[in-house]
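Examination of the molecular architecture
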Amino acid sequence: MMVVLMKSTRWRDVFFAKDQRRLRVLVIGLLVCLLSDPVLCHSEEFPEPIQSPTIDRLHRLSPKFLSGAQPEGEAAFRELKKLGVKTIISVDGTKPDVAAARKHGLRYVHLPIGYDGIESQRMLQIVKAAQTLAGPVFVHCHHGRHRGPAAAAICCRATEKWDDQTSLAWLREAETSPKYAGLYRVVREFQMPSKDDLAKVPTDFPETAQLSTTVESMVAINTRWELLKEIQKHGFRPLPDHPDIVPDQEALQLAEYFRELARNENSQQQGGDYLRQLSAASEAATALSKRLSALAKDRSQTTIEESAQLMQRLQNHCTKCHAAFRDGK
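In this text, all values refer to a predicted model and were calculated from it rather than measured experimentally.

Rules used throughout
Residues numbered from 1 in each chain as written. Predicted model: local features only at pLDDT ≥ 70, side-chain atom pairs only at ≥ 80, totals over all residues. Heavy atoms only, no water. Axes fitted to C-alpha atoms, helices over the stretch in contact; angles between N-to-C directions. Helix = DSSP H or I, 4+ residues; strand = E, 2+ residues; numbered from the N terminus. Parallel < 35°, antiparallel > 145°, perpendicular 65-115°, else oblique. Left-handed = near helix turned anticlockwise from the far one by under 90°. Contact = heavy atoms within 4.5 Å. Nonpolar A, V, L, I, M, F, W, Y, C, P; charged D, E, K, R; others polar. Core = buried A, V, L, I, M, F, W, Y, C linked by side-chain atoms within 4.5 Å. Buried < 20%, exposed > 50% of the residue type's maximum accessible area, 1.4 Å probe, protein only. Salt bridge = Lys/Arg side-chain N within 4 Å of Asp/Glu carboxyl O. Pairing = 2+ DSSP bridges. Phe/Tyr/Trp six-rings, centres within 6.5 Å; stacked < 30°, edge-to-face > 60°.

**Here's the deal with the packing of helix α6 (residues 120–132) against helix α7 (residues 147–159)**
At a closest axis distance of 9 Å, the pairing of α6 and α7 adopts a crossing angle of 60°. Classified by the angle their axes make, α6 and α7 are oblique. You can see that α6 and α7 cross each other, and the crossing is right-handed. Along the contact surface, α6 presents Met-123, Ile-126, Val-127, Ala-130 and Gln-131, while α7 presents Ala-151, Ile-154, Cys-155, Ala-158 and Thr-159. Here the contact of α6 with α7 is composed, by residue class, of eight nonpolar, two polar and no charged.

**Details of the nonpolar core**
Across soluble globular proteins, nonpolar side chains have a tendency to be buried as a group. Grouped together as the largest cluster of nonpolar side chains are 42 residues, with contacts concentrated most on Phe-65, Ile-89, Ile-126, Val-139, Ile-154, Trp-170 and Val-187. Mapped by element, the contributors of at least two residues to this core are α6, β6 (137–140), α7, α8 (164–173) and α9 (181–188). Of the residues forming this core, the biggest block, eight residues, is contributed by α7. Ile-126 has contacts with Leu-111, Ile-113, Ile-118, Ala-151, Ile-154 and Cys-155, leaving out every residue within four places of it along the chain. In terms of nonpolar packing, the next biggest core, distinct from the first, is built from 27 residues, Trp-225, Leu-254, Leu-261 and Met-311 among them.

**Thoughts on the pattern of salt bridges**
In the structure shown here, the tally under the stated rule is 16 salt bridges. In this structure, Glu-74 and Lys-103 form a salt bridge, with 3.6 Å as the shortest nitrogen-oxygen distance. Here Glu-74, found in helix α4 (residues 74–82), pairs with Lys-103, found in helix α5 (residues 98–103); they are 29 residues apart in sequence, far enough to count as distant. Arg-224 serves as the salt-bridge partner of Glu-250, at 2.9 Å between the closest nitrogen and oxygen. Taken together, the residues Glu-250 in helix α12 (residues 247–262) and Arg-224 in helix α11 (residues 214–233) connect sequence positions 26 residues apart. Both residues of the pair, Glu-250 and Arg-224, belong to the buried class. A single salt-bridge network, built from bridges that share partners, covers Asp-92, Arg-147, Glu-260 and Arg-263.

**Quick notes on the environment of Glu-72**
Structurally, the position occupied by Glu-72 is in the loop between β3 (65–68) and α4. Here the alpha-carbon distance between Glu-72 and Asp-97, two residues 25 residues apart in the chain, equals 8.0 Å.

**Re the sheet that holds β3**
Across the sheet, which stays open at both edges, the six strands sit in the order β1-β2-β3-β6-β4-β5 with mixed pairing between neighbours. A single partner strand is all that each edge strand has here, and the edge strands are β1 (48–49) and β5 (107–110). Examined bridge by bridge, strand β2 (residues 59–60) and β3 share two bridges and lie antiparallel to one another. By the bridge assignment, Arg-60 is partnered in β3 with Leu-66.

**What to know about the packing of aromatic side chains**
Across all of its chains, the model carries two aromatic pairs by this definition. A ring pair is formed by Tyr-115 and Tyr-180, whose centres lie 5.0 Å apart and whose planes are at 35°; its orientation type is tilted. Of the two residues, Tyr-115 sits in the loop between β5 and α6 while Tyr-180 sits in the loop between α8 and α9, which places them 65 residues apart along the sequence. Since its relative accessible area comes to 12%, Tyr-115 is described here as buried. Since its relative accessible area comes to 2%, Tyr-180 is described here as buried.

**Some remarks on the pairing of β3**
Burial along β3 is two-sided: the face carrying Phe-65 and Ser-67 and the face carrying Leu-66 and Gly-68 are both buried. Across four bridges, the pairing between β3 and β6 is parallel. Bridge pairing in β6 places Phe-65 opposite Val-137.

Function-wise, these values are silent; they only describe arrangement.
In structure tokens, the structure reads:
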């Protein structure tokens, strides 16, 4: 191609003319690109969905980071290995399958977060992990929809130069619910931690974090439940002294707490009846969230009564569960 160009007196004169420096740079760049690996000339667009038979909501966010649902079974870890993944970060509350990861040469790091945001120390750990862990890194929660995408966005904000618009667009693509306002807030308002603060964070990240106990989970559930009872007293409106507390979001987080509790080891050991009660309570809290969301737009008596009925349904599930599994022990 260079020879053809040089045979033309016109092109040769243009190429070597002193006042055509910019054009020379452009031509040289074009030739280098065409004569080298075509991959170098291809501009990839991220996030890129990956069709996977084993991992739901799998996306590549950058050359270093991927996001998706929890890997389960040999095939899922084998696929991650094939994708080049070196490290897995779980922000889910349940114990990760460290043994399966090790079998495929993958390192697991467990940094669980909640649905209401990321507290400051955990934020420092996630940023330090994004900076120091061997990549590519796969970030996941349970379903790969809410907490995992938020944590992955933080990783990309810290290391991939993502801005708030790119990060929020990713959450929308991942279908992270806007009802988890805390997750959107920490991503939108992310500020890079100082070098001094990050220097204090150890890099011996846990394979399995100390998981919250059943008692701690019950405390969190009770806190949300008491808030919802106060909201009901005010006609299912936001509390006057807490306008930041959104009723339907509180109900949705209560549902997630029930689901999370059902997946911890102690709950699994309790057996079928206990797990069925937790599942029923989660379904009732989810239905309540939908009613309260509708109530924000339509304050009809019917919608108010339906919300009250769902509150009573939740109360009944809690009373029945306590009588069978707590009060009698």
